[in-house]
Amino acid sequence: MEIVVRLDVMIARRKVSSKALAAEIGITEANLSLLKRGHVKGIKFETLAKICKALDCQPGDLLEYEGNSTK
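These numbers come from a predicted model, not from an experiment.

**Observations regarding the nonpolar core**
With 14 residues, the main nonpolar core has Leu-7, Leu-21, Leu-32, Ile-51, Leu-55, Cys-57 and Leu-62 as its most contacted residues. Of all the secondary structure elements, the ones that give two or more residues to this core are α1 (7-14), α2 (18-25), α3 (29-37) and α4 (45-55). With four residues, the top contributor of residues to this core is α4. Excluding residues within four positions of it along the chain, Leu-62 makes contact with Val-4, Val-5, Arg-6, Leu-7, Met-10, Leu-48, Ile-51, Cys-52, Leu-55 and Cys-57.

Have a look at this one:
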């Protein structure tokens, strides 16, 4: 079970560069790259909100839960 980050998909759909998005939301390109690859342990709600505003999307468009269907 895990949370999968779909930020790269939304960036491609919105046809925005990672460099431009990083500048708009106020984080480094390196940190945005870590977010895109899912190599972070968490994200501040403030940063998530900035990403959603910049990409005109919802948090669910960026994050997806993948778990097994059996309990």
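So much for the structure itself; the text now carries on.
**Let's talk about a nonpolar patch on the surface**
Taken together, the side chains of Ile-3, Leu-63 and Tyr-65 define a hydrophobic patch exposed on the protein surface, amounting to about 310 Å² of accessible area. By secondary structure assignment, the location of Tyr-65 is in strand β2 (residues 63-66). Using a relative accessible area of 52% as the deciding quantity, one classes Tyr-65 as exposed.

Cut-offs and rules
- Residues numbered from 1 in each chain as written.
- Predicted model: local features only at pLDDT ≥ 70, side-chain atom pairs only at ≥ 80, totals over all residues.
- Heavy atoms only, no water.
- Core = buried A, V, L, I, M, F, W, Y, C linked by side-chain atoms within 4.5 Å.
- Buried < 20%, exposed > 50% of the residue type's maximum accessible area, 1.4 Å probe, protein only.
- Helix = DSSP H or I, 4+ residues; strand = E, 2+ residues; numbered from the N terminus.
- Contact = heavy atoms within 4.5 Å.
- Patch = residues over 30% accessible without salt bridge, like charges linked within 9 Å, V, L, I, M, F, W, Y side chains within 5 Å.
- Areas by Shrake-Rupley, 256 points an atom, 1.4 Å probe, with all protein chains shown as cover.
- Salt bridge = Lys/Arg side-chain N within 4 Å of Asp/Glu carboxyl O.

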